[in-house]
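# What the coordinates show
The primary structure of each chain is shown beneath.
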Amino acid sequence: MKQWVLRIFGNHKKRIGAVVVLGLLFILMAFFFVGNEMVQNRAYVLKNYEAQQQDMTRELAQLAQEQFASGDTLSDVIEDFQASFLNGSYRWCFLAQSGKLLQAKDANYFESLKLQEITTVKKLRKSCRDSGQMMTMVSFEDEKKTEYTVGIVSDVNNVLLEHKVTKHTTYVMMALALVCMLFFTVLLACLLLLSKREIRIGKLQEELTQRQQHLETMSEEVGRIDEQMAERFQGNLREYDDELVHALLQKSTHASLFPLGILYFQWQMGDRYVQKGQFQQLIENMRKLLTKDQILLEYAKGEFVLLAYRIEQKELPELKERMIQGVQSDMEQLQITVRVETAFLPDEEEENTEAVFTCLQSRIHPEKGENYEKPV
């Protein structure tokens with residue numbers, strides 16, 4: 001199960017389709033549950049209304065029974081039924097004798113029922129059921145054992161309108177549709193942003209891998225150059241990495257190595273004599289502060305060059321400060337100072353790294369200008 005989920009949602013292409021399907025299922029379920037709740041609410045309203053109408057029917061039947069008992073004629077009772085307040089646009093009452101209709105709403109409506117051959121309570125009940133009307137009735141007998149049936153008929157749609165069930169249903173469905181649309185839109189927007197981000201991350205990872213490979217190639221090239229120079233200076237003591245610095249600057253032209261920062265350190269010892277071992281310990285402490293993208297080389301006596309690949313311009317002063325602070329105690333112990341010049345190349349299209357390096361040298365040795373030569 002876990003592998004199946006990762007297989008679908010781990011791929012940004014499959015994830016969009018899967019989430020769209022799940023979103024649609026969620027919307028369908030929401031409509032189903034809300035619709036079911038509305039149906040139950042409609043049934044509840046109609047059930048309560050039918051109970052109230054049944055109570056009114058009983059009261060109407062009791063009133064008619066009292067009229068017959070008091071000596072009123074059938075015509076008087078029919079007239080009272082026609083004038084009843086129950087007769088309205090969507091609700092009316094009727095009176096039947098032995099199952100045969102005597103009155104329904106008013107004279108005109110009763111005549112229309114006759115034209116439709118609705119003359120009995122049985123036919124009226126069937127007509128109400130077919131036309132979506134609610135019918136309640138109560139039967140009783142007078143002193144002569146004659147059966148009378150009193151009933152009330154209401155139009156269901158108008159009952160729902162009166163109780164605002166239809167309007168409520170419309171509003172709820174519109175609100176649900178709007179919420180689902182917003183949810184689906186936001187979900188798709190988030191998915192698209194997430195997919196774009198993953199694609200971008202994938203490209204950055206690929207670019208980072210390429211840069212790392214190129215940097216490894218550069219490291220191998222440095223090793224090869226170092227071996228060549230060792231063979232060249234075989235039998236002689238080689239103290240400085242000046243040629244290696246120039247070789248690296250010439251090789252540092254690939255876009256994956258940029259931005260490039262160059263720090264030129266000149267240690268100023270004044271008249272003090274510093275043992276080589278003490279000074280080398282200071283340099284080793286500096287190398288411990290370097291990352292895998294940084295190289296520190298001794299260019300000349302008391303002069304070091306730090307090449308910082310893939311560094312942002314705002315990080316260059318921080319690197320300079322970190323290197324100085326890292327050996328501050330060594331500098332105080334040896335009673336020496338340091339001068340640092342920095343240069344930043346944002347991309348390979350900038351002026352040649354060798355030219356920038358020459359400019360740094362002229363800052364370190366301004367008296368020699370552009371005609372700088374490595375001090376012996």
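All of the points below concern the structure found in this document. These numbers come from a predicted model, not from an experiment. (Residues numbered from 1 in each chain as written. Predicted model: local features only at pLDDT ≥ 70, side-chain atom pairs only at ≥ 80, totals over all residues. Heavy atoms only, no water.)

## Section: the overall build of the chain
Stated precisely, the cut-off is as follows: Under the scheme used here, helices are H or I runs from DSSP no shorter than 4 residues and strands are E runs no shorter than 2 residues, and both carry numbers assigned from the N terminus. Residue burial is assigned from relative accessible area. The probe radius is 1.4 Å, only protein chains are included, and a residue is buried under 20% of its type maximum, exposed over 50%, and partly exposed in between. Two residues form a contact once any of their heavy atoms are found within 4.5 Å. Per-residue and other accessible areas follow the Shrake-Rupley method at a 1.4 Å probe size, with only the shown protein chains counted as cover for residues.
When helices and strands are counted, the chain shows 12 helices and 8 strands. Looking at the 376 residues of the chain, the share that counts as buried comes to 37%. Sequence separation of 24 or more characterises 64% of the internal contacts of the chain that already satisfy a separation of 6 or more. In the form shown here, the chain has an accessible surface area of approximately 23400 Å², with 54% of it arising from carbon and sulfur atoms.

## What to know about the packing of aromatic side chains
Defined as follows: The criterion for an aromatic pair is that two Phe, Tyr or Trp rings (for Trp, the six-membered ring) have centres within 6.5 Å, with stacked assigned to planes under 30 degrees apart, edge-to-face to planes over 60 apart and tilted to the rest.
Applying the stated criterion to the full structure yields 10 aromatic pairs. Ring geometry for Tyr264 versus Phe357: centroids 5.6 Å apart, planes at 20°, classification stacked. Of this pair, Tyr264 sits in strand 5 (residues 260-268) while Phe357 sits in helix 12 (residues 353-364), placing them 93 residues apart in sequence. Taking the relative accessible area as the measure of exposure, Tyr264 reaches 0% and is therefore buried. With relative accessibility at 0%, the residue Phe357 sits in the buried group. Measuring from ring centre to ring centre gives 5.9 Å for Phe279 and Phe304, while their planes differ by 45°; the resulting arrangement is tilted. Of this pair, Phe279 sits in helix 9 (residues 276-287) while Phe304 sits in strand 7 (residues 303-309), and the two are 25 residues apart along the sequence. The exposure class assigned to Phe279 is buried, which follows from its relative accessible area of 7%.

## Observations regarding the nonpolar core
The tendency in soluble globular proteins is for nonpolar side chains to be buried side by side. Put simply, the test is: We define the nonpolar core as a collection of buried residues of types Ala, Val, Leu, Ile, Met, Phe, Trp, Tyr and Cys that are connected through side-chain atoms lying within 4.5 Å of one another.
Among the nonpolar cores identified, the biggest contains 24 residues, and Phe265, Trp267, Leu282, Ile283, Met286, Leu306 and Ile336 are the most heavily contacted of them. At the level of elements, strand 5, helix 9, strand 7, helix 10 (315-326), helix 11 (328-334) and strand 8 (337-345) are the ones that each hand at least two residues to this core. Residues contacting Ile283, with those up to four places away along its chain left out, are Trp267, Leu296 and Phe304.

## Focus on unusual backbone geometry
In the Ramachandran plot, Ser98 falls in the positive-phi region, its phi being about 55° despite a non-glycine side chain. Looking at where Ser98 falls in the secondary structure, it is placed in the loop between strand 1 (91-97) and strand 2 (100-104). With a relative accessible area of 55%, Ser98 lands in the exposed category.

## Describing helix 4 (residues 107-115)
Stated formally: Think of a polar contact as two N or O atoms within 3.5 Å of one another; within protein, one of them needs to be a possible hydrogen donor and the other a possible acceptor, and neighboring residues in sequence only count if both atoms come from side chains.
Two or three places before Asn108, at the opening of helix 4, Asp106 has a side-chain oxygen 3.3 Å from that residue's backbone nitrogen. Glu117 sits one or two positions beyond helix 4 and adopts a positive phi of about 60°.

## Remarks on the sheet that holds strand 1
What holds strands together in a sheet is hydrogen bonding between their backbones, with the strands either parallel or antiparallel. Heads up, the condition is: Paired strands, in this sense, are two strands between which DSSP finds at least two bridges. To get an axis, a line is fitted to the C-alpha atoms, and for a helix only the part in contact is used. The angle between two axes follows their N-to-C directions and goes from 0 to 180 degrees.
One open sheet holds the 4 strands; their spatial order is 2-1-4-3, and the pairing between them is antiparallel. Only two strands of the sheet have a single neighbouring strand rather than two, namely strand 2 and strand 3 (133-141). Strand-to-strand twist of the sheet, defined as the mean angle between neighbouring strand axes without regard to direction, takes the value 25°. Relative to strand 4 (residues 147-155), strand 3 runs antiparallel, the two sharing 9 bridges. If you follow Met135 over to strand 4, its bridge partner there is Val153. Against the sheet, helix 3 (residues 74-82) engages strand 1, strand 2 and strand 4, with an angle of about 165° to strand 1. Strands strand 1 and strand 2 of the sheet are contacted by helix 4, whose axis makes an angle of about 145° with strand 2.

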